[in-house]
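As a plain string of letters, each chain reads:
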Amino acid sequence: MSVTLHGKNLIAGHWVESGQTFQSDPAHGPSRSFFAGTPDLVQQACEGAAEAFWSYGYSSAARRAAFLTTIADEIEARADAITEVGAQETGLPEARLQGERGRTTGQLRMFAEHILKGDYLDRRHDPALPDRAPLPRPDLKMIQRPVGPVAVFGASNFPLAFSTAGGDTAAALAAGCPVVVKGHPAHPGTTEIVCDAIHAAIAKCDVPVGVFSMVHDGGIAVGAALVQNPRIRAVGFTGSLRGGRALFDLCAARPDPIPFFGELGSVNPMFLLPAAVKARGAEIGAGWAASLTMGAGQFCTNPGIAVVPPGADAFAAAAETALGDAAAQTMLTDGIADAYRDGVARVASSDKTIELLGTASSGREAKPYLYRVAARDWMAQHSLQEEVFGPLGIVVEAADETEMEEIAKSIQGQLTCTIHMDEDDTDQARSLMPIVEQKAGRILVNGFPTGVEVADSMVHGGPYPASTNFGATSVGTLSIRRFLRPVCYQNLPDALLPEDY
């Protein structure tokens, strides 16, 4: 199937050119030209979003649910084109893109069902007590209300589920907030096709055209203009610690600071306890290797660190064998591939690490690396604790239970922490739990963190630097709560209350 793309920005219902262009850099297939975003286009998009909010922000849950469902339908109608262009741009396998598309449309439909139930509004009512002494109590009602236009930054590693119509966009639209997306330059064609789906849904559902806009990448100035625009009331971001922190600081420096919900990644440590290692160390090692290499290690939940007790040789050997057999995989961009090699070099340069598996990665291809290091040395060198975005694993050897707990206390905020245990490990696991609970948003037992379920109970976030807001999640229905704020109504007649109260 041949796909023709026009490369334009979608600004409040209109496809718009600019005076600047950039070329895509696909893993394979044709390079295409796109009109770059500009601060002026950001301004137009934000103005359209602010105007749309007066209607969309006060629309019923039923209307918003229908809109979300229609977006999902329109994305599915473009399934073949999304897979074709997405595979060319990212190098991801077609099966992965098809699965990610299903996750994206499933999430939209799930959020539609969720807002129809109304529980997310957290309605509360304290009836008036006119005869209360010494003072009467007024009638008080509380409900969650949308914050206003939201800026969303597309992610490099998930061209669908964490980008144009992904979790942040779906959550904001579900809450009643118009969205302005800053497209990621790694997959601009995929972005355009999904934008076309949203554009079609806007027309079918007769919602205001300013409810969604997309500005292509145009350098640092475009991202800065977006988060600093006074009409933007919150920001959703998935990406690097460096980029996220820069945007977070801009949000905080505004005359009116706004919340920045940044998901910035982590090393997602696994703690292997003695009985589990003795009983099934090789099995855990093989499973770790599979998780570590999934998607060329380009998941924010990639478990890069395995903390092991003495006697974990079978675990390490099984991981080394499985990683050694892994084929080279194409990374999302040349820049990500370069950063992976830089990360490998950083780990390898330490005089405390021992290389268990070294491979040759070149160009946009990546192969796994495996190192081991004593726990004391790992804790003493911060560079070994930093995320390497790719299939690199470090086995951290703890001398005893006490040292394993010291490691847990020393780590920074994480998206996930995993405990591998058997029944005989229960006491040690119980001692670890209060520590890892303070460190991560999701705690797993006997599993691997790659694969984030879209569900009511999911938390995809954690203490900084895993994310910039430890009380929020970017996955699951609770993510809608990020773009709402509580409003109390005192003695309001029913005619003035929000439609969904």
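Residues numbered from 1 in each chain as written. Predicted model: local features only at pLDDT ≥ 70, side-chain atom pairs only at ≥ 80, totals over all residues. Heavy atoms only, no water.

1. Focus on the pattern of salt bridges
Within this structure, the stated rule accounts for 21 salt bridges. With its nearest N and O atoms 2.7 Å apart, the salt bridge here joins Glu 74 to Arg 78. Its relative accessible area of 7% is what places Glu 74 among the buried residues. Judged by its relative accessible area of 18%, Arg 78 falls in the buried class. Between Asp 256 and Arg 254 there is a salt bridge, and its shortest N-O distance comes to 3.1 Å. If you follow the salt bridges from partner to partner, you end up with Glu 74, Arg 78, Asp 196 and Lys 204 in one network. (Salt bridge = Lys/Arg side-chain N within 4 Å of Asp/Glu carboxyl O. Buried < 20%, exposed > 50% of the residue type's maximum accessible area, 1.4 Å probe, protein only.)

2. Some thoughts on the sheet that holds strand E13 (residues 305-308)
Taken in spatial order, the seven strands line up as E15-E17-E18-E13-E12-E19-E20 in an open sheet, and their pairing is mixed. Every interior strand has two partners, whereas the edge strands, strand E15 (354-357) and strand E20 (440-445), have only one. Put simply, the sheet's adjacent strands are angled 20 degrees from each other on average, direction ignored. As paired elements, strand E19 (residues 414-420) and E20 share five bridges and run parallel to each other. The residue bridging Ile 419 from the neighbouring strand is Val 445, located in E20. (Pairing = 2+ DSSP bridges. Helix = DSSP H or I, 4+ residues; strand = E, 2+ residues; numbered from the N terminus. Axes fitted to C-alpha atoms, helices over the stretch in contact; angles between N-to-C directions.)

3. Here we look at the packing of aromatic side chains
Overall, the coordinates contain 12 aromatic pairs when judged by the stated rule. With 5.9 Å between their ring centres and 55 degrees between their planes, Phe 53 and Trp 54 make a pair best called tilted. Taking the relative accessible area as the measure of exposure, Phe 53 reaches 10% and is therefore buried. Given the relative accessible area of 59%, Trp 54 is considered exposed. Ring geometry for Trp 288 versus Phe 315: centroids 5.4 Å apart, planes at 20 degrees, classification stacked. Of this pair, Trp 288 sits in helix H9 (residues 274-293) while Phe 315 is found in helix H10 (residues 313-324), placing the two residues 27 residues apart along the sequence. Side by side, Trp 288 and Phe 315 carry an identical accessibility label, which is buried. (Phe/Tyr/Trp six-rings, centres within 6.5 Å; stacked < 30°, edge-to-face > 60°.)

4. Some words on the pairing of strand E11 (residues 260-263)
Residues of E11 alternate between two faces, with Phe 260 and Gly 262 on one and Phe 261 and Glu 263 on the opposite face, all of them buried. Looking at chain direction, strand E10 (residues 234-238) and E11 are connected through four bridges and run parallel. Of the residues in E11, the one forming a bridge with Gly 236 is Phe 261. Between the parallel pair E10 and E11, the chain is carried across by helix H8 (residues 241-253), and the sense of this crossover is right-handed. (Right-handed = clockwise from strand over helix to strand, strands pointing away.)

5. Comments concerning the nonpolar core
Ranked by internal contacts, the top residues of the largest apolar core, which has 57 residues, are Phe 67, Phe 212, Ile 480 and Phe 483. Broken down by element, the residue count for this core peaks at eight residues, all from helix H6 (residues 188-205). Judged by nonpolar contacts, the second largest core, of 39 residues, contains Ala 398, Ile 411, Met 421 and Leu 432. (Core = buried A, V, L, I, M, F, W, Y, C linked by side-chain atoms within 4.5 Å.)

6. Examining the environment of Arg 101
Its place among the elements puts Arg 101 in helix H4 (residues 94-117). Arg 101 sits 59 residues away from Leu 160 along the chain, and the two C-alpha atoms are 6.2 Å apart. Excluding its chain neighbours within four sequence positions, the residues that come into contact with Arg 101 are Ile 75, Glu 76, Ala 79, Thr 83 and Leu 160. Here the side chain of Arg 101 touches Glu 76 through a polar contact of 3.0 Å, side chain to side chain. (Contact = heavy atoms within 4.5 Å. Polar contact = N/O pair within 3.5 Å; in protein donor to acceptor, adjacent residues only side chain to side chain.)

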